[in-house]
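Geometric and topological summary
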Amino acid sequence: QVQLVESGGGLVQPGGSLRLSCAASGRIFSINDMAWYRQTPGKQRELVAAITRGGNANYAASVKGRFTISRDNAKNTVYLQMNGLTPEDTAVYYCNAAITTRAMLGADDYWGQGTQVTVSS
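Here we summarise the structure given alongside this text. (Residues numbered from 1 in each chain as written. Predicted model: local features only at pLDDT ≥ 70, side-chain atom pairs only at ≥ 80, totals over all residues. Heavy atoms only, no water.)

Here we look at the overall build of the protein chain
We apply this condition: Secondary structure counts use DSSP, requiring at least four H or I residues in a row for a helix and at least two E residues in a row for a strand, with both numbered from the N terminus. Computation of the radius of gyration draws on C-alpha atoms alone. For the globule rule, the value is 2.2 Å times the number of residues to the power 0.38.
Along the backbone of the protein chain there are zero helices and 11 strands. Going from N to C terminus, the protein chain has its helices and strands arranged as β-β-β-β-β-β-β-β-β-β-β. Over its C-alpha trace the protein chain gives a radius of gyration of 14 Å, about what one expects of a compact globule, namely 14 Å for 121 residues. Counting only C-alpha atoms, the protein chain reaches 50 × 25 × 25 Å along its principal axes.

A look at the pattern of salt bridges
Here is the rule we go by: Whenever Lys or Arg places a side-chain nitrogen within 4 Å of a carboxyl oxygen from Asp or Glu, that contact is recorded as a salt bridge. Relative accessibility under 20% of the residue-type maximum defines a buried residue, over 50% an exposed one, and the middle range a partly exposed one, all with a 1.4 Å probe and only protein chains included.
As enumerated under the stated definition, the model contains three salt bridges in all. The residue Arg-38 makes a salt bridge to Glu-46 at a minimum N-O spacing of 2.7 Å. When its relative accessible area of 7% is taken as the criterion, Arg-38 is described as buried. In this structure, the salt-bridge partner of Asp-89 is Arg-38, at a minimum N-O distance of 2.9 Å. Separated by 51 residues along the polypeptide, Asp-89 in the loop between strand S8 (77-82) and strand S9 (91-100) and Arg-38 in strand S4 (residues 30-39) bring together distant segments of the chain. You'll find Asp-89 and Arg-38 in the same group, each marked buried. What you see here is one network of salt bridges that share partners, running through Arg-38, Glu-46, Arg-66 and Asp-89.

Quick look at the nonpolar core
Inclusion rule: In this description, a nonpolar core means a group of buried Ala, Val, Leu, Ile, Met, Phe, Trp, Tyr and Cys residues linked to one another through side-chain atoms lying within 4.5 Å. The contact criterion used is simple: two residues touch if any of their non-hydrogen atoms lie within 4.5 Å.
Of all hydrophobic cores here, the largest spans 29 residues; its most connected members are Trp-36, Leu-80, Met-82 and Tyr-93. Those elements giving two or more residues to this core turn out to be strand S1 (2-7), strand S3 (18-26), S4, strand S5 (46-51), strand S7 (67-72), S8, S9 and strand S11 (115-119). Take this core: its biggest share by element is five residues, from S9. In this view, Tyr-93 contacts Glu-6, Leu-20, Trp-36, Tyr-37, Arg-38, Val-48, Phe-67, Leu-80, Met-82, Gly-114, Thr-115 and Val-117; residues no more than four positions away in its chain are not counted.

Structural notes on the sheet that holds S1
Applicable threshold: DSSP calls a pair of strands paired once it identifies at least 2 bridges connecting them. With axes taken as lines fitted to C-alpha atoms, and helix axes fitted only over the stretch in contact, angles between N-to-C directions fall between 0 and 180 degrees.
The four strands lie next to each other as S1-S3-S8-S7, forming an open sheet whose pairing is antiparallel. Single-partner strands in this sheet number two, and they are S1 and S7. On average, adjacent strands in this sheet sit at an angle of 15 degrees to one another, irrespective of strand direction. Judged from the six bridges that link them, S7 and S8 form a sheet pairing that is antiparallel. Residue pairing for S8: Arg-71 is matched across the bridge by Val-78.

Quick word on the environment of Val-2
Inspection of the secondary structure puts Val-2 in strand S1. Separated by 26 residues in the primary sequence, Val-2 and Ile-28 place their C-alpha atoms 7.0 Å from one another. Sequence-distant contacts of Val-2, that is, excluding residues within four places in its chain, are made with Ser-25, Arg-27, Ile-28, Ile-99, Thr-101 and Tyr-110.

Put into structure tokens, the structure is as follows:
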């Protein structure tokens, strides 16, 4: 099976920075797009940033210029560098990846367990 394990969440003051990591492991043939989502209580999960295997990234308007998504294909890992954090960034952050487990099969969506990011003074 495939697992996505996130790390790097925590409590940070406004204006501070955090770096999230998400490592995929298990039966992996290839990983296509990887992404970070976030969710707050009572709201739908929203896309924060996504990156293709080739490194093309796109961002939600609310984080553009402050967050940077990157990936290390050799390590099956995606990162989210978050700078200039505000209380509005407080949420549970989820890693998502489109993973093919065997040759000739399509990719399935996998999710991490989520990591809490709290921005507060």
